[in-house]
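Topology and contacts: notes
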Amino acid sequence: MNTTPDDFDPIPSTRRRVAVAVGSLKQAEQEADALAVPVGAGAEPPEELGTDAAGLASAGFRGTRGQTLVQIGAGGPVRVAVGTGTADEADATLIRDLAAEFARAVPWHKRLAIEVPSRLTGLSAAEFAQAATEGVLLARWRYFVGAGADEPQLESLLVVAADADAEEVAAGVERGRIVAEACCLGRDLANCPATTLSAVRIAEVAQELGPPAGLDVEVFDKDQLIEMGCGGLLGVNRGSVDPPRMIRLRYQPADPTGRIALVGKGIMYDSGGISLKPSDESHAQMKNDMTGAAAVLAAMTALQAIGCTAAVTGYLMCTDNMPSGSAMKLGDVLRMRNGKTVEVLNTDAEGRLVMADALALATEEPVDAIVDIATLTGACLRTFGVEIAGVMGNDPDVVQQLRQAGDVVDEPVWELPLHRSYRSQLDSSIADLTNMGGINAGSITAALFLEEFVDGRPWAHVDIAGTAQLPAPRTWRNKGATGFGTKLLIEFARAFTRPADAENQAARP
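Before going into details, it helps to say that this report is about the structure given with it.

**A closer look at the overall build of the protein**
Along its length, the protein carries 17 helices and 19 strands. Taking 509 residues into account, the globule formula puts the C-alpha radius of gyration at 23 Å, and the protein, at 24 Å, falls close to it. Oriented by its inertia axes, the alpha-carbon framework of the protein measures out at about 75 × 50 × 40 Å. Out of the 509 residues in the protein, the part that is buried amounts to 56%. Restricting to contacts in the protein with at least 6 residues of sequence separation, those with at least 24 account for 77%. In the form shown here, the protein has an accessible surface area of approximately 19800 Å², with 50% of it arising from carbon and sulfur atoms.

In structure tokens form, the structure reads like this:
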């Protein structure tokens, strides 16, 4: 029985967008509640801050990286000095973080403004504006905005720029808005209660959001999945009262410069199945076990707007994983889309089962690179913590492009070895392989399982089990579901270049 209110919205950020614009300092003085003024280490601040370096120093502010100081004036907006550090420290990550610190320093102010410095080192005005816009919008995103919310909703952001820079800044602000809104969508989906956001409902969300973003959306129901032989997705779904869905999204620009397939794990709620998880706080977070699918959907809604030139196909493999009399049992053997059989040794190792079907499907079309993303293994959380994702793959070029994308957007990924001697841990006496390796190197054996379904195509696997959830806010990342992966995939697709051997791989029968 669904006890969630009928009007509970799974994607609130798409209904209450923040107004973002470029304007003058005079406009900010008249319209904003709070104005961020960047100040370098040891530098004299701009006049509009209303004090000099000595005055700031007397209050303990020296312009070091990450410092903020709220200045209460007699009239106009509250001024907030934000320290940019020395010139060689300035990069997009710093500006994004500083903008977020500003937004958090004035949590009750609804109309914010941030000034683009007249002199920038290492960053263009557009890059500064994009990073600042992302930082403010992401820091002030909230899933729940109501009577019990901890702070009011942000209404507007004005980016202050000199007339000579206005056009360049406007382009950066627009790019930042697009990326931030996509990331907020990913957060919305991952934070939504599982009872509300079933596999059927996320398919409806994709059908709502896809076409306006230039995406073709196909939804495959249980009967179609049976015809397609998607035994992994169907096996995991056995214990659920809710039917499964596979959602295929296609972004097709004119004269594409490459062909990418993205596969997202969409376990809408993961109880562990018969291998039931313990009843603790981590179990309560398992509504976010579809963060991979959320990241793929959210990222693809931004591709047309950012002018992505690669063709991208996304696969969202969606079901919940529940215990019941009909649930998948330990020892069961599943036949996957590519014909391989899998002995199930642990029903809580279900994400790799649903993604295997999609990886096999992705190889059936011409493709230059396949990337899957999933909250897959606790081993990755224990290895990297909550700020770094793991990446493994069979193509160094694809892995490196993901690492570069992560560095650009501050969603870092770190490579683990795809150590193939561990493949023997997946051997089965009654099937082609098992779904579970030994007690050690769980992230690597999970990736080795997935590699069995890519047919040698250039491929990388991103494990976001640690980064999908934060216990406390940090800079532009909020407590709860982070939306990690959305920005990573947007940047990867935007900057994608075909791996050296992609043409030969794609031509294989």
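**Topic: the packing of aromatic side chains**
Counted under the stated rule, the structure contains 2 aromatic pairs. The interplanar angle of 45° and the centroid separation of 5.3 Å between the aromatic rings of Phe449 and Phe453 together place this pair among those described as tilted. Phe453 matches Phe449 in its accessibility class, with the two residues each being buried. It is Arg403 that lies over the ring of Trp414; its NZ or CZ is 4.6 Å from the centre.

**Describing the pattern of salt bridges**
A complete count under the given rule lists 31 salt bridges for this structure. Notably, a salt bridge pairs Asp91 with Arg65, separated by 3.9 Å at the nearest N-O pair. Residue Asp91 is found in the loop between strand S4 (78–85) and helix H3 (92–105), and its partner Arg65 is found in the loop between helix H2 (53–58) and strand S3 (68–71); the two are separated by 26 residues along the sequence. When its relative accessible area of 39% is taken as the criterion, Arg65 is described as partly exposed.

**Section: H3**
Taking 1.5 Å per residue as the helical rise, H3 with its 14 residues ought to reach 20 Å, and the 20 Å between its terminal C-alpha atoms agrees with that figure. Where burial is concerned, most of H3 is hidden: 10 out of the 14 residues are buried. For H3, every residue scored as buried is listed here: Thr93, Leu94, Ile95, Arg96, Asp97, Leu98, Ala99, Ala100, Phe102 and Ala103.

**A closer look at the sheet that holds strand S7 (residues 216–220)**
Reading across from one edge, S7-S8-S10-S9-S13-S17-S14-S15 is the order of the 8 strands in this open sheet, with mixed pairing throughout. Of all strands in the sheet, those bounded by a partner on one side alone are S7 and strand S15 (413–415). On average, each strand axis in the sheet is tilted by 20° relative to the strand beside it, whichever way the strands run. Judged from the 5 bridges that link them, S7 and strand S8 (residues 245–251) form a sheet pairing that is antiparallel. Looking at S8, one finds that Glu218 is bridged to Arg248.

**A word on the sheet that holds strand S11 (residues 333–335)**
The mixed open sheet is built from 3 strands, whose spatial order is S11-S12-S16. Whereas interior strands pair on both sides, the edge strands pair on one side only; in this sheet they are S11 and strand S16 (433–434). In terms of strand pairing, strand S12 (residues 341–343) meets S16 through 2 bridges, oriented parallel. When the sheet's bridge partners are listed, Glu343 is paired in S16 with Thr434.

**Digging into the packing of helix H10 (residues 291–300) against helix H16 (residues 486–494)**
The geometry of H10 relative to H16 is characterised by a closest axis approach of 8 Å and an angle of 50° between their N-to-C directions. Here H10 lies oblique to H16, going by the angle between them. Note that H10 runs across H16; the crossing there is right-handed. Touching Ala295, Val296, Ala298 and Ala299 of H10 are Thr486, Leu489 and Ile490, all from H16. Broken down by class, the residue content of the contact of H10 with H16 amounts to 6 nonpolar, 1 polar and no charged.

**A closer look at helix H4 (residues 125–139)**
Helix length check: H4, at 15 residues, gives a terminal C-alpha distance of 21 Å against a target of 21 Å (1.5 Å per residue), a fit within 8%. Among the 15 residues in H4, 13 count as buried, and that is most of the element.

**A few points about the nonpolar core**
Residues Phe102, Leu112, Leu189, Met300, Leu402 and Val462 are the most contacted members of the largest nonpolar core, which totals 99 residues. Top element by residues in this core is helix H5 (residues 166–191). It accounts for 11 residues. Ignoring any residue separated from it by four or fewer positions in sequence, one finds Leu402 in contact with Val371, Val391, Val413, Ala460, Val462, Leu488 and Phe492.

**Section: the pairing of strand S14 (residues 389–393)**
Taken across its 5 residues, S14 has 5 buried, putting it largely inside the fold. Bridge count between S14 and S15: 3 bridges; the pairing is parallel. Bridged to Gly390 within S15 is Trp414. Note on the crossover from S14 through helix H14 (residues 396–409) to S15: the handedness is right-handed. Bridge analysis of S14 against strand S17 (residues 459–463) gives 4 bridges, and the strand direction is antiparallel. Bridge pairing links Gly390 to Asp463 in S17.

What counts as what
Residues numbered from 1 in each chain as written. Predicted model: local features only at pLDDT ≥ 70, side-chain atom pairs only at ≥ 80, totals over all residues. Heavy atoms only, no water. Helix = DSSP H or I, 4+ residues; strand = E, 2+ residues; numbered from the N terminus. Rg over C-alpha atoms; globule rule 2.2 N^0.38 Å. Buried < 20%, exposed > 50% of the residue type's maximum accessible area, 1.4 Å probe, protein only. Contact = heavy atoms within 4.5 Å. Areas by Shrake-Rupley, 256 points an atom, 1.4 Å probe, with all protein chains shown as cover. Phe/Tyr/Trp six-rings, centres within 6.5 Å; stacked < 30°, edge-to-face > 60°. Lys NZ or Arg CZ within 6 Å of the ring centre and 35° of its normal. Salt bridge = Lys/Arg side-chain N within 4 Å of Asp/Glu carboxyl O. Expected span 1.5 Å × (residues − 1). Pairing = 2+ DSSP bridges. Axes fitted to C-alpha atoms, helices over the stretch in contact; angles between N-to-C directions. Parallel < 35°, antiparallel > 145°, perpendicular 65-115°, else oblique. Left-handed = near helix turned anticlockwise from the far one by under 90°. Nonpolar A, V, L, I, M, F, W, Y, C, P; charged D, E, K, R; others polar. Core = buried A, V, L, I, M, F, W, Y, C linked by side-chain atoms within 4.5 Å. Right-handed = clockwise from strand over helix to strand, strands pointing away.

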